[in-house]
Amino acid sequence: MTDRRAASIELSRVTKQYGSVTAVRDVSFTIAAGSLVTLLGPSGCGKTTTLRLIAGLETVTSGRIRLGGDDVTALGATERNVSMVFQSYALFPHMSVLDNVAYGPRVGGQSHRRATESARAALAGVGLAELADRLPSELSGGQQQRVAIARALVLEPRVLLFDEPLSNLDARLRRQMREEIRALQQRLGITVVYVTHDQEEALGVSDRIIVMNHAVVAQEGPPRDLYESPDDVFVAGFMGEANRVKGVLQRLDDRTGRVTIGGLTRTLPHRGLADGAVDVAIRPEAILIVGQPTDGALRGTVKRAAYLGSRMEYSIASEIGELFVTSPAVDTPLAPGATVALTLTGHGITLIRP
Amino acid sequence: MRDALRRWAVGWGLVGCAALALLPWYATSDGAGPGKLQLLVPGLTLLAALALRNLPSRLGRSVLGLRLMVLGGGGFIYIAAQGWALGGQPGMGLGAAVVATSLLMLFAIGLAARGFFKGDVFVAGAVVAVTVLVGLFTFYPVARILLGAVQGSDGSVSGGALAERLLAAKIWRIDCLTGGRSCGVGWNTLVLALLTATTTTALGLAFALVVTRTGFKAKRLLRVLTILPIITPPFVIGLGLILIFGRSGLVNQLMEWAFAVEPSRWIYGLPGVWLAQTFSFTPVAFLVLIGVVEGVSPSLEEASQTLRADRWQTFRRVSLPLMRPGLANAFLVGFIESIADFGNPIVLGGNFGVLSTEVFFSIVGAQLDQGRAAALGVLLLALALVAFFVQRRVVGGKNYTAISGKGDGGRPAPLPPFVRRLAFGVALPWAVLTLSIYGLALAGGFVETWGRDYTPTLRHYVKAFSVEWSQTGIIWSGSAWRSFWTTLELASVAAPLTAALGILTAYLLVRQRFVGRAAFEFATMLSFAIPGTVIGVSYILAFNVPPIELTGTGTILVVCFVFRNMPVGLRAGVAAMSQIDPSLDEASRTLGGRSLATLRRVILPLLRPAVVAALVYSFVRAMTTVSAVIFLVSADYDMATTYIIHRVLNGDYGVAIAYSSVLIVLMLAAIGLIQLLVGERRLRRAAPALTPLPAGPTA
Ligand SMILES: Nc1ncnc2c1ncn2[C@@H]1O[C@H](COP(=O)(O)OP(=O)(O)O)[C@@H](O)[C@H]1O
Ligand SMILES: [Mg+2]
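Remember, it's a predicted structure, so these values are computed and weren't measured experimentally.

Trainee: Go over the overall build of chain A with me, naming the residues and quoting the values.
Mentor: Helix and strand counts for chain A stand at 8 helices and 20 strands. Principal-axis analysis of the C-alpha atoms gives chain A an extent of 80 × 45 × 35 Å. Looking at chain A as a whole, 51% of its 354 residues qualify as buried. For chain A, the proportion of contacts with a sequence separation of at least 24, taken over those separated by at least 6, is 65%. Separation between the mean location of the 39 positive side-chain charges and that of the 38 negative ones in chain A comes to 2 Å.

Trainee: How would you sum up the interface of chain A and chain B? Please name residues and give values.
Mentor: A common measure of how large an interface is: the accessible area buried when the components associate. The interface of chain A with chain B comprises 39 residues on the first partner and 32 residues on the second. Of the roughly 3,100 Å² buried at the junction of chain A and chain B (both faces included), carbon and sulfur atoms supply 56%. On inspection of chain A and its partner chain B, the count reaches 2 salt bridges. A salt bridge links B:Arg594 to A:Glu79, with the shortest nitrogen-to-oxygen separation between them at 3.4 Å. In this assembly, chain A and chain B are joined by 6 residue pairs in polar contact (both at pLDDT 80 or more).

Trainee: Explain unusual backbone geometry residue by residue, including any values.
Mentor: Residue and element names in this part refer to chain A. We note that Glu164 has phi near 40°; this positive angle belongs to a residue other than glycine. Backbone geometry places His214, a non-glycine residue, at a positive phi of 45°. Here His214 is to be found in the loop between β9 (208-213) and β10 (216-221). Look at His214 and you get exposed, because its relative accessible area is 65%.

Trainee: An account of the sheet that holds strand β5 (residues 70-71) of chain A is requested, with residue identities and associated values reported.
Mentor: Residues and elements named next belong to chain A. On the basis of which strands lie adjacent, the open sheet formed by 4 strands has the order β2-β1-β4-β5 and antiparallel pairing. Sheet topology places β2 (21-31) and β5 at the edges, where each strand pairs with a single neighbour. Contacts from helix α1 (residues 47-55) reach β1 (9-18), β2 and β4 (62-67), with the element oriented near 115° to β1.

Trainee: Lay out the site of ligand 1 in plain terms, naming residues and giving numbers.
Mentor: Residues and elements named next belong to chain A. For ligand 1, the full set of nearby residues is Tyr18, Ala23, Pro42, Ser43, Gly44, Cys45, Gly46, Lys47, Thr48 and Thr49. Taking Thr49, its side chain carries an N or O atom lying 2.5 Å from an oxygen atom of ligand 1. Taken by itself ligand 1 offers 560 Å² of open surface, and the protein chains cover 59% of this. Residue classes in the shell around ligand 1 are distributed as 4 nonpolar, 5 polar and 1 charged.

Trainee: Break down the side chain of B:Asp585 for me, citing the residues and quoting the values.
Mentor: Residues and elements named next belong to chain B. Note that Asp585 resides in helix α25 (residues 582-590). Here the side chain of Asp585 touches Arg511 through a polar contact of 2.7 Å, side chain to side chain. Those residues in contact with Asp585 that sit more than four places away from it in its chain are Tyr507, Arg511, Thr598 and Ile603.

Trainee: With reference to specific residues and values, describe the pattern of salt bridges.
Mentor: Where charged atoms from two side chains of opposite charge come close, those side chains can pair. All names here are of chain A. One pass over the full model with this rule turns up 25 salt bridges over all chains. Residues Arg113 and Glu117 are paired through a salt bridge, measuring 3.0 Å at the closest nitrogen-oxygen approach. Here the residue Arg113 and the residue Glu117 both occupy positions in helix α3 (residues 112-125), the gap between them amounting to 4 residues, near one helical turn. When its relative accessible area of 46% is taken as the criterion, Glu117 is described as partly exposed.

Trainee: Talk me through helix α24 (residues 554-578) of chain B; I want residue IDs and the actual numbers.
Mentor: Residue and element names in this part refer to chain B. Between the first and last C-alpha of α24 there are 35 Å, a value that for 25 residues agrees with the 36 Å anticipated at 1.5 Å per step. Of all the bends found along α24, the most pronounced is centred on Asn565 and spans about 40°, while Pro567, a proline, follows it within four residues. Across the 25 residues of α24, 18 count as buried, placing the element largely inside the fold. For α24, the side-chain oxygen to backbone nitrogen distance between the N-cap and Thr555 is 3.3 Å, and the N-cap itself is Thr553.

Trainee: Describe the sheet that holds strand β20 (residues 349-352) of chain A, naming the residues involved and giving the relevant values.
Mentor: All names here are of chain A. One open sheet accounts for 5 strands, arranged β13-β12-β11-β14-β20; its pairing is antiparallel. Looking at the sheet topology across the chains shown, the edges are occupied by β13 (264-269) and β20. Taken over all neighbouring pairs, the strand axes of this sheet differ in orientation by 45° on average, direction set aside. Bridge analysis of strand β12 (residues 256-261) against β13 gives 6 bridges, and the strand direction is antiparallel. If you follow Ile261 over to β13, its bridge partner there is Leu264.

Trainee: Can you explain the domain arrangement of chain A? Please cite residues and give values.
Mentor: Residue and element names in this part refer to chain A. Taken domain by domain, chain A comprises domain 1 (9-228) and domain 2 (241-352). Facing 4 residues of domain 1, the contacting portion of domain 2 comprises 6 residues. Taken together, the two surfaces of domain 1 and domain 2 that pack against each other cover about 390 Å², and 32% of this comes from carbon and sulfur. Its largest share of buried area at the contact with domain 2, domain 1 owes to Gln219, Tyr227 and Glu228, together 94% of the area lost on that side. Joining domain 1 to domain 2, the criterion identifies 0 salt bridges. Scanning the region where domain 1 abuts domain 2 turns up 2 residue pairs in polar contact (both at pLDDT 80 or more). Sorting elements by how many residues they give to the side of domain 1 that touches domain 2 places helix α7 (residues 223-228) first, with 3 residues.

Trainee: Break down the confidence of the model for chain B for me, citing the residues and quoting the values.
Mentor: All names here are of chain B. Looking at chain B, pLDDT values average 81 and 90% of them are 70 or higher. Taking the mean pLDDT of every element in chain B, the minimum, 40, falls on helix α18 (residues 400-403) and the maximum, 91, on helix α4 (residues 94-113). Per-residue pLDDT stays below 50 along residues 398-408; that stretch engages in 11 contacts with residues further than four places along the chain or on separate chains. Ignoring residues within four places in sequence, the model shows residues 686-699, a span with pLDDT below 50, making 19 contacts including any to other chains. In the predicted assembly, ipTM is 0.80 and pTM is 0.80.

Calculation criteria
Residues numbered from 1 in each chain as written. Chains lettered and ligands numbered in written order. Predicted model: local features only at pLDDT ≥ 70, side-chain atom pairs only at ≥ 80, totals over all residues. Heavy atoms only, no water. Helix = DSSP H or I, 4+ residues; strand = E, 2+ residues; numbered from the N terminus. Buried < 20%, exposed > 50% of the residue type's maximum accessible area, 1.4 Å probe, protein only. Contact = heavy atoms within 4.5 Å. Lys, Arg positive; Asp, Glu negative; His and termini not counted. Charge placed at Lys NZ, Arg CZ, Asp CG, Glu CD. Buried area = accessible area lost by both parts, 1.4 Å probe. Salt bridge = Lys/Arg side-chain N within 4 Å of Asp/Glu carboxyl O. Polar contact = N/O pair within 3.5 Å; in protein donor to acceptor, adjacent residues only side chain to side chain. Pairing = 2+ DSSP bridges. Axes fitted to C-alpha atoms, helices over the stretch in contact; angles between N-to-C directions. Near = heavy atom within 4 Å. Areas by Shrake-Rupley, 256 points an atom, 1.4 Å probe, with all protein chains shown as cover. Nonpolar A, V, L, I, M, F, W, Y, C, P; charged D, E, K, R; others polar. Expected span 1.5 Å × (residues − 1). Bend = angle between axes of the 7 residues up to and from the residue. Domains from an automatic or database assignment. pLDDT = per-residue confidence, 0-100.

Put into structure tokens, the structure is as follows:
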């Protein structure tokens, strides 16, 4: 019954309504087998609902869901061979760690001995073999997280789902846990869907990111694409800080165009936009502060400055508007009121659809 | 999944066939069976359902589901219709019941196959079963009482009969205002309910304030006071009051001895019943209000104080308004309890009749007028429902306490001195009085004749509970043993059923989303509001004649207990289940646990405290209830409470008191036993085994 191969996931035109609220609207995407994909978006945008639809915990209002090519739309969670790690971990508080992990095999009809064996193996896989007899309440947050993962993995699911797995951990544990999840996924080669609202976490862990906003998919792609060439204002803003400025586009060929921003020009992909006024998103680290005003540079005045340890953050009033700029030069900070010249690097600048 | 569906269908089909072949269709002792033709339809239906096993699977689940629904539903409707339509049949027996159940379950499996209830057979079956049971044993009897109320004595239906009964002078006359004998029972009921609701709310608030907002030490004691009424038969307080204030009670004797005042009978009537109800229902108000008072977020009061409000201003302008919905709720609860109360008015009412006692007397008294009883019952029901709906509005409407949530710490503001003194001044004397009533009521069992001869004696206990040994074994020669064993037996049968039904229903309500859930919830909640007397009369009307003939059996008592008390189990279950993170169920589901496995392995173990509460409540209430039961007891099945009531009505207080004391002790023992059997839920180890945590592998 259990199919060891990782499965691809395909949502086509999936909509989920709760009464008058549309939690997910006409969402379609495909997740390749064996990849780790994050669903990223602000709170309430429908990430959890999408995940629960994949798990079979909710039924779609319309649309179809396929796992490994099979249409599972009508199947309940029990029959989908999909495991989920819950945000609260959802460890059964009245069962020992071992019993928690052995639960899946047990209700699946395995003998007590075999279930225990596979549970011990799964616990060893997450490095918790010696805590098997504890109750969940006697574990730290990170350990509970690992038990939850072991419990989800013991059934060798074709797909593993994580709902904000790091949100209950303290900041220091988060990076470590994130790396563990990534390593585990690559070692086992399973398909993982990972929900988070933290763009850094998403950038750090995924093969691909699906950004959601207001119940629809805003953009989908590899982390670098999303960061460097966001499609629209929302994605640009959500994938990190971005300055939104006005520019003028003049197409060069079927791919690129010349964009004039203030006195600067850059050649960028035109992304199908028409010639004329366009919106440009510029990452704060894509703006360089150069010493003296020179030709072809923007002029600006420092309004506010903040020291953040590894970098400086400036608000700079310029001819193209107020800009948010970061600079690694913490040793030579600029004081408010200083006049500066600004230029742009090659990366982190993109045309966005309004 | 499809296979599982078919297995269920085949299983229930076989159960139905077996019942049809082996069990007696009718509940008669002479073994008479119905005509073959009559059984042909259910038989063929079941066989057709079994044949569906071979339905080619390419036709899909929804075809299978539709056929199962048609067969199961049709067969069930056939059985019900022929039962009611064909006269002259005996009541249905076990065979009919099991066949009907299996047909219903086939219908439910059909629903699941068509995708209702997320395709879950267990949930579908449970919802269908609970719906039919509640319909049959709560709504059908209520429908019968409505019918009975509009039926004239010759059986014809006419609105005139209802109007005549409802407008009768006996219900609505007001000559007590003009110096006449007494007012109508309708007014009596209303006035009593308003008075009782007012006093219980005021006292409940005083207790709640004392317990939560003062440094009062003996809080434990007050908590005990709230448990007492739950485990006392409903007329112990009435008896205690008679022993103190009755004609030959302590107070009258003292007055006669000291001042030669004529003994007064004031306790028999409105004042006595009011007093007794206030004693009985203050603890309920307290339980409602303690939650309300605790729910007022201390941080709001602290905010008020930092805004330069003094204690009194804070109490008046912040705390009290925040408690207002809770106070309204407590008032309505008191109102509902009062109009449903039967034990206190029957013991202390005298000439002061209320609706519930009037219903009783019109059915057992010389009048024997079922139509009148039904009409009065409908009136009582209407009152209760109005109060119930108002209460739902109040509770559902403004729930201030939830807004500022929990967890924001802070210390509740101390009470203003005046309020504090008032709360203590009211609560403490009342607590002392309550305790002395219980004390006296219990002491009354150990004296010859209260009021005349205070010689200590065990006579009453001997009379009720004497046991003799003979060669043939123990002879239970005391007069109370018979009803005692019956009560114990029926309560023990009813308690697990009640708890199971209540918790199952709670599970369906809290954890499942399905079409019609709101109506389902509404129906189960509604059965809360139906007063016991109404249930009693309606059961007589509904189950005295075939096709469901239960009067005079133990079954009707058990059924009555189960459906009267199920809401308590339901409430305990709902409260407890709302505390359990739903993602635990979901985790179980994604791990392959079906709903039954999830219920059994995850939810029930976590629900242990609620299961205990439901068992205890249903057991205790089955032993102490009187209002519905008094209509349903028979010579073979006499219950403890009705036996006691009859002793009281005969003026035989000694035995009544002795018996009540034994019941209280018994219930305490039963509560202990249930605790022991169901056990504790273990979420932490007793000893702190938490030595330093071994670090994770990569830490
Ligand atoms: N069971 C539910 N009933 C009603 N509305 C819901 C339910 N679950 C989610 N929603 C609504 O759907 C929207 C998306 O919720 P969710 O998927 O939990 O968002 P996210 O996980 O991205 O924060 C929200 O507006 C939420 O209020
Ligand atoms: Mg979420």
